[in-house]
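Listed here are the chains, written in short residue letters.
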Amino acid sequence: MEQEINTQELGEKIVNVLKTIYDPEIPVDIYELGLIYDVMVSTDYDVKILMTLTTPNCPVAESLPQEVEEKVKSLDSVNDCEVEITFDPPWSQDLMSEGAKLELGLL
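These figures come from a predicted structure and were not determined experimentally. (Residues numbered from 1 in each chain as written. Predicted model: local features only at pLDDT ≥ 70, side-chain atom pairs only at ≥ 80, totals over all residues. Heavy atoms only, no water.)

A.B. asks: Which parts of the structure should I look at to understand the overall build of the protein?
C.D. replies: Scanning the protein from terminus to terminus reveals 3 helices and 3 strands. N-terminal to C-terminal, the α/β element order of the protein is α-β-β-α-β-α. Expected size for 107 residues packed as a compact globule is a radius of gyration near 13 Å; at 14 Å, the protein falls within 12% of this value. The dimensions of the protein, computed from C-alpha atoms along their principal axes, are 50 × 25 × 25 Å. By residue count, 36% of the 107 residues in the protein fall in the buried class. In the protein, once contacts between residues fewer than 6 apart in sequence are set aside, the share between residues at least 24 apart is 58%. Charged side chains in the protein number 6 positive and 23 negative. The centres of these two groups are separated by 3 Å. (Helix = DSSP H or I, 4+ residues; strand = E, 2+ residues; numbered from the N terminus. Rg over C-alpha atoms; globule rule 2.2 N^0.38 Å. Buried < 20%, exposed > 50% of the residue type's maximum accessible area, 1.4 Å probe, protein only. Contact = heavy atoms within 4.5 Å. Lys, Arg positive; Asp, Glu negative; His and termini not counted. Charge placed at Lys NZ, Arg CZ, Asp CG, Glu CD.)

Printed below as a string of structure tokens:
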């Protein structure tokens, strides 16, 4: 009998990893910045992350998604990870957590 996957637990581990990745221009992690739109986990332990960047011309447009993919793949329980970039909806400060806004003096 196949072991049932606990997607919520794995999702929390993935979020914890995402919180270790920082935008190089803003001293807040990408999760709190609101750059992560969705984290999907399949029963095969494959992960798909839908994320955005602060701007389409972001200087880390190539390296940041790669860093996300590599760090999520480093989790023992993750089989594979795919990162998809979208600009729909475009990122805005409204997507930031209260903690991120506080850290940046926006509250």
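After that view, the rundown keeps rolling.
A.B. asks: It is not clear to me how the sheet that holds strand β1 (residues 36-41) should be interpreted in this structure. Could you clarify?
C.D. replies: Whenever strands of a sheet pair, they do so through backbone hydrogen bonds, lying parallel or antiparallel. Here 3 strands make up an open sheet; going across it, the order is β1-β2-β3 and the pairing mixed. Bordering the open sheet on either side are β1 and β3 (80-85), each of which pairs with just one other strand. Across this sheet, the average inter-strand angle for adjacent strands is 15°, counted without regard to direction. Sheet topology note: the β1/strand β2 (residues 46-51) ladder contains 5 bridges and is antiparallel. From the neighbouring strand, methionine 40 faces β2, where its bridge partner is lysine 48. Strand contacts of helix α1 (residues 7-18): β1 and β2, with the helix running at about 140° to β1, the strand carrying the most contacts. The strands touched by helix α2 (residues 63-73) are β2 and β3; relative to β3, the strand with the most contacts, the crossing angle is about 155°. (Pairing = 2+ DSSP bridges. Axes fitted to C-alpha atoms, helices over the stretch in contact; angles between N-to-C directions.)

A.B. asks: Help me out: how do you make sense of the environment of valine 47 in this one?
C.D. replies: Residue position: valine 47 is located in strand β2. You can call valine 47 buried: its relative accessible area is 3%. On a C-alpha basis, the gap between valine 47 and asparagine 79 in space is 7.7 Å, while along the polypeptide they are 32 residues apart. Apart from the residues within four sequence positions on either side, valine 47 is in contact with Ile14, Val39, Met40, Val41, Val72, Val78, Asp80, Cys81 and Glu82.

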